[in-house]
Amino acid sequence: MTELGLPDGIQACLFDLDGVITKTAVVHAAAWKQTFDDFLNRRDGDSFRPFDEVADYDEYVDGRPRADGVRTFLESRDIHLPEGDSGDPPERETVQGLGNRKNELVLELIRTRGVDAYDGTIRYVEAVRAAGLRTAVVSSSTNCRDILRSIGAEQLFDVRIDGVVAAERQLPGKPHPDTFLAAARDLGVEAKAAAVFEDALAGMDAGRSGRFGYVVGVDRVGQAEALRAHGADVVVTDLAELGERS
């Protein structure tokens, strides 16, 4: 292991945004809950079963592109909505409409609460770059660039593969490995020479199926065993721990 806590031969590090770089996972969970609970309440009345911010969030939406999250959660409840159009208004009961409502709520929460970075991650990314490794941010968020700019971290990443880039290149999102593989290609390294840093189970699946050189699970919510089961080579609660393991 190197001083960064990574295997020899790793040349690049690919970081998820929400929950790894920034403390926005809780904001996304709250927005998903409000979106789905409002929809389910209208549909089922007082008998509706609320969206669980831990179990449902982790299993069905965390790390996935927005529309995929809508589809996957609704399928878990045996609910099937029309796909709709990406321009659907937030009140329209389509997959795209619910996704747009969730994004509207996320942006509102970010405006009111602000965005904080995980200091341990920022220090680790700086150490990675000082050691000569290349870096990328890989996120399903279409707001990735704005969020990085808000915390003054855009310059820390050589490559950005986010929801905007994925749509332009028609890349399927996590749990598929395509966005991480695209980041590795853009950095000029093979998957086996890249490390993935993720807090979402869908991200773990992407790291495993993409056959990356090392997959780091970042446990922010007490799901270490699930992260390991989904393919993490190592699980830490903060990236600062990686240097301590070298």
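Scroll up to find the structure.
These remarks concern the structure in this document.

### Some remarks on unusual backbone geometry
Right, so step 1: Here the residue pair Lys174 and Pro175 is connected by a cis peptide bond, since its omega of 15° sits within 30 degrees of zero.
Right, so step 2: The backbone phi angle of Asp78 is positive, close to 60°, even though this residue is not glycine.
Right, so step 3: Its location among the elements puts Asp78 in the loop between α3 (66-76) and α4 (95-113).
Right, so step 4: Classification of Asp78 by relative accessible area gives exposed; the value is 58%.

### Some remarks on the layout of surface pockets
Right, so step 1: Roughly 700 Å³ of volume is contained in the largest pocket.
Right, so step 2: Lining of the largest pocket is provided by 38 residues; of these, Pro65, Arg66, Ala67, Ser140 and Thr142 occupy positions nearest its centre.
Right, so step 3: Every element with two or more residues in the lining of the largest pocket is listed here: α1 (25-44), α2 (55-61), α3, α4 and α7 (163-169).
Right, so step 4: Among the residues forming the lining of the largest pocket, the class breakdown is 13 nonpolar, 16 polar and 9 charged.
Right, so step 5: Ala25, Val26, Tyr57, Arg220 and Val221 are, among the 16 residues lining the second largest pocket, the residues nearest its centre.

### Remarks on the nonpolar core
Right, so step 1: In terms of nonpolar packing, the biggest core is built from 37 residues, with Leu6, Phe15, Tyr124, Phe157, Phe197, Val216 and Leu239 touching the most fellow members.
Right, so step 2: Counting residues per element, the ones that place at least two in this core are β1 (12-15), α1, α4, α5 (119-130), α6 (144-150), β4 (194-198), β5 (214-218) and β6 (234-236).
Right, so step 3: In contact with Val216, other than residues within four places in its own chain, are Val196, Phe197, Glu198, Met204, Val234, Val236, Leu239 and Leu242.

### Some thoughts on the side chain of Asp199
Right, so step 1: If you trace the backbone, Asp199 turns up in the loop between β4 and α9 (201-209).
Right, so step 2: The charged side chain of Asp199 is buried without a salt bridge, its nearest counter-charge being Arg220 at 6.1 Å.
Right, so step 3: Setting aside chain neighbours within four positions, we find Asp199 in contact with Asp16, Asp18, Gly19, Val20, Ala25, Asp62, Val218, Gln223 and Leu227.

### Regarding helix α8 (residues 178-187)
Right, so step 1: Every buried residue of α8 is listed here: Thr179, Phe180, Ala182, Ala183, Ala184 and Leu187.
Right, so step 2: Turning to α8, the residues buried within the fold contact β1, β2 (134-138), β3 (159-161), α7, β4 and α9.
Right, so step 3: Within two residues after α8, Gly188 carries a phi angle of roughly 80°, on the positive side.

### Things to note about the sheet that holds β1
Whenever strands of a sheet pair, they do so through backbone hydrogen bonds, lying parallel or antiparallel.
Right, so step 1: One open sheet accounts for 6 strands, arranged β3-β2-β1-β4-β5-β6; its pairing is parallel. Bordering the open sheet on either side are β3 and β6, each of which pairs with just one other strand. When the angles between neighbouring strand axes are averaged without regard to direction, this sheet yields 20°.
Right, so step 2: With 3 bridges joining them, β2 and β3 adopt parallel strand pairing. Bridge pairing links Ala136 to Val159 in β3.
Right, so step 3: Along the sheet, α9 makes contact with β4 and β5, crossing β5 at roughly 170°.

Reading guide: rules and limits
Residues numbered from 1 in each chain as written. Predicted model: local features only at pLDDT ≥ 70, side-chain atom pairs only at ≥ 80, totals over all residues. Heavy atoms only, no water. Helix = DSSP H or I, 4+ residues; strand = E, 2+ residues; numbered from the N terminus. Buried < 20%, exposed > 50% of the residue type's maximum accessible area, 1.4 Å probe, protein only. 1 Å grid on protein atoms, 1.4 Å probe; cavity = no way out; pocket = protein on both sides within 12 Å on 5 of 7 lines; lining within 4 Å. Points joined across faces, edges and corners; volume = space filled by probe spheres on them. Nonpolar A, V, L, I, M, F, W, Y, C, P; charged D, E, K, R; others polar. Core = buried A, V, L, I, M, F, W, Y, C linked by side-chain atoms within 4.5 Å. Contact = heavy atoms within 4.5 Å. Lys, Arg positive; Asp, Glu negative; His and termini not counted. Salt bridge = Lys/Arg side-chain N within 4 Å of Asp/Glu carboxyl O. Pairing = 2+ DSSP bridges. Axes fitted to C-alpha atoms, helices over the stretch in contact; angles between N-to-C directions.

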